[in-house]
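# Structural features, examined
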Amino acid sequence: MSLVDKLKWRYATKKFDSTKKIAADKLEYILEAIQLAPTSIGLQQFKVLVIEDESIRARLREAAFGQPQVTDASHLIVFAAEILTPEHGKKYIDHVAATRNVERATLSGFEDMVQGAITGRTPEQLLVWAQKQAYIALGVLIAAASEQEVDSAPMEGFNPAKFDEILGLTEKGLTATVIAGIGYRADDDPNSKLKKVRKHKDDMFIRI
């Protein structure tokens, strides 16, 4: 099936089969797709937590208003935004130089742009910027999981402060932004039988 066919197949899974686990190769495929997701200037200003620990997930479920996808999915993915500092910018340029095998000095103009993008924003603006990048990666996760016929349930209904506390994110300079359960739908999930509702194309696209 094409990617469009797979996206027609997927839906926001409400009930996972907790006995079914994602095979290691499929999980790594999905994670690599997230790693390759585009981000502003390539900065990837977020971390991705892959959570299997049942006790941690039970606590997170309480902080997500009891949503069963948090504990019943094969894996819980947490996208945590990172507020960048000039040191992050420096390390990024170091990484670019090493990866592309170029002299760091040749990247001085690019580094000025990167550092300007960081220092020219307030902490609040840096957080919003990072969160936007996390959502791009979430979209890639959904597409990659669908391609592998792995179900997904993106969720915003959770208490970020409690997630940060449970996962020890604050001391790492991170904050939980959006989460997704991935795994396999239960046979009796009523949502799997519902027809997908989307805007008509004429109401969605403005052609200029």
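The structure under discussion appears in the preceding block.
Keep in mind that this is a model prediction, so the values were computed, not measured.

### Quick notes on the layout of surface pockets
Empty space within the largest pocket amounts to approximately 760 Å³. Lining the largest pocket are 23 residues, and of these Q35, G42, L43, Q44 and H95 sit closest to its centre. Contributing elements (two or more residues each) for the lining of the largest pocket: α2 (24-35), β1 (46-51) and α5 (86-100). Among the elements that take part in the lining of the largest pocket, α5 stands out by supplying seven residues, more than any other.

### Re helix α7 (residues 123-147)
Structural remark: α-helix, 3.6 residues per turn; residues separated by three or four positions point the same way. Between its terminal C-alpha atoms α7 stretches 36 Å, which fits the 36 Å expected from 25 residues at 1.5 Å a residue. Every buried residue of α7 is accounted for by L126, W129, A130, Q133, A134, A137, L138, L141, I142, A144, A145 and S146. Directly after α7, the chain includes E149, whose backbone phi takes a positive value near 55°.

### Regarding the packing of α2 against α7
Closest axis-to-axis distance for the α2/α7 pair is 8 Å, and the angle between their directions is 150°. Classified by the angle between their axes, α2 and α7 sit roughly antiparallel to one another. Handedness of the α2/α7 crossing: right-handed. Every residue of α7 that contacts α2 at Y29, I30, A33 and I34 is listed here: A137, V140, L141, A144, A145 and E147.

### Things to note about the pairing of strand β4 (residues 174-183)
The element β4 is largely enclosed, with a buried count of 10 among its 10 residues. In the sheet, strand β2 (residues 75-82) pairs with β4 via eight bridges, with the strands oriented antiparallel. Within β4, the position partnered with H75 by the bridge is I182.

### Section: unusual backbone geometry
Not every positive phi belongs to a glycine, and N101 is a case in point at roughly 55°. Positive phi is not limited to glycine here, since E149 has a value of about 55°. For E149, the location among the structural elements is in the loop between α7 and β3 (151-155). According to the relative accessible area criterion, E149 is partly exposed, its value standing at 39%.

### Section: the pattern of salt bridges
Under the defined criterion, the tally for this structure stands at five salt bridges. D94 is the partner of K90 in a salt bridge, and the nearest nitrogen-oxygen pair spans 3.3 Å. Here K90 and its partner D94 are both found in helix α5, four residues apart, which amounts to about one turn of the helix. Using a relative accessible area of 38% as the deciding quantity, one classes K90 as partly exposed. For D94, a relative accessible area of 28% corresponds to the partly exposed category. Measuring nitrogen to oxygen at the nearest pair gives 2.8 Å for the salt bridge that ties E111 to R104. The exposure class of E111 is buried, given its relative accessible area of 15%. A single salt-bridge network, built from bridges that share partners, covers K90, D94, R104 and E111.

What counts, and at which threshold
Residues numbered from 1 in each chain as written. Predicted model: local features only at pLDDT ≥ 70, side-chain atom pairs only at ≥ 80, totals over all residues. Heavy atoms only, no water. 1 Å grid on protein atoms, 1.4 Å probe; cavity = no way out; pocket = protein on both sides within 12 Å on 5 of 7 lines; lining within 4 Å. Points joined across faces, edges and corners; volume = space filled by probe spheres on them. Helix = DSSP H or I, 4+ residues; strand = E, 2+ residues; numbered from the N terminus. Expected span 1.5 Å × (residues − 1). Buried < 20%, exposed > 50% of the residue type's maximum accessible area, 1.4 Å probe, protein only. Axes fitted to C-alpha atoms, helices over the stretch in contact; angles between N-to-C directions. Parallel < 35°, antiparallel > 145°, perpendicular 65-115°, else oblique. Left-handed = near helix turned anticlockwise from the far one by under 90°. Contact = heavy atoms within 4.5 Å. Pairing = 2+ DSSP bridges. Salt bridge = Lys/Arg side-chain N within 4 Å of Asp/Glu carboxyl O.

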